[in-house]
Amino acid sequence: MAAKTGTYTLIASDTLGSLTASVTFSSISSAYTDLVLVITPTIPTGAYDILMRVGNGTVDSGNNYSVTRLSGTGTAANSTRSSNASGMFCTYYGYPTSTNPSTTIINLIDYANTTTNKSMLIRSGNAAAGTEAIVGLWRSTAAINIITMSLDAATNFSSGSTFKLYGIEAAR
């Protein structure tokens, strides 16, 4: 008999009906091995990074995140590194506008483990601007049970932005 492969289970979903400053998923079950967050947001104006913060009970906004980013436009490449960020910056070239939305996929690996720091893989892209791959680390051994998405400036996500959180079951 073949082993069961991992399965995506939709845990929560939010499609915004109006301008919204942040989206939070809380009381996340520890029943899965990994989490996948798929977001397709837009913003009314400007070029702002999407910021993700995680935590256990409360969101950690301290300088406990490390980020390595590789990005490119098709004509230029860039890389940056931050060791003491106050959150995970999930976009750079993928600024999501109403005329050019982008999709960002965030993998939170072994999120419920309480013996290791939490690793994250992020892929984001915008056809008009570029694409990127980000590796992140939340320097905490606490299990993740809350995730908040916001923008790095005082602006809002537009109506129609979608946020979907999936749990991945362990293969058996």
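Residues numbered from 1 in each chain as written. Predicted model: local features only at pLDDT ≥ 70, side-chain atom pairs only at ≥ 80, totals over all residues. Heavy atoms only, no water.

(A) The arrangement of the pattern of salt bridges in detail. With the rule as written, the count across this model stands at one salt bridge. The shortest N-O distance in the salt bridge between R69 and D49 comes to 3.9 Å. A residue pair is termed long-range when its members are at least 10 positions apart, and R69 in strand 6 (residues 65–72) and D49 in the loop between strand 3 (34–40) and strand 4 (50–56) qualify at 20 residues. Given the relative accessible area of 10%, D49 is considered buried. (Salt bridge = Lys/Arg side-chain N within 4 Å of Asp/Glu carboxyl O. Helix = DSSP H or I, 4+ residues; strand = E, 2+ residues; numbered from the N terminus. Buried < 20%, exposed > 50% of the residue type's maximum accessible area, 1.4 Å probe, protein only.)

(B) Quick peek at the side chain of D60. Along the chain, the position of D60 falls in the loop between strand 5 (58–59) and strand 6. One buried charge, D60, has no salt-bridge partner; the nearest side chain with opposite charge is R53, at 7.1 Å. Ignoring sequence-local partners within four residues, the contact set of D60 consists of R53, V54, G55, Y65, S86 and W138. (Lys, Arg positive; Asp, Glu negative; His and termini not counted. Contact = heavy atoms within 4.5 Å.)

(C) Fine view of the sheet that holds strand 11 (residues 130–138). Ordered by their spatial adjacency, eight strands build an open sheet running 1-13-3-9-10-11-6-7, and the pairing between neighbours is antiparallel. The sheet terminates laterally at strand 1 (8–15) and strand 7 (77–85), the two strands that pair on one side only. Along the sheet, successive strands turn relative to each other by an average axial angle of 15°, direction set aside. Sheet analysis places strand 1 next to strand 13 (residues 162–168), joined by seven bridges and oriented antiparallel. Counted as the bridge partner of T15 is T162 from strand 13. (Pairing = 2+ DSSP bridges. Axes fitted to C-alpha atoms, helices over the stretch in contact; angles between N-to-C directions.)

Taken by themselves, the reported measurements are silent on function.
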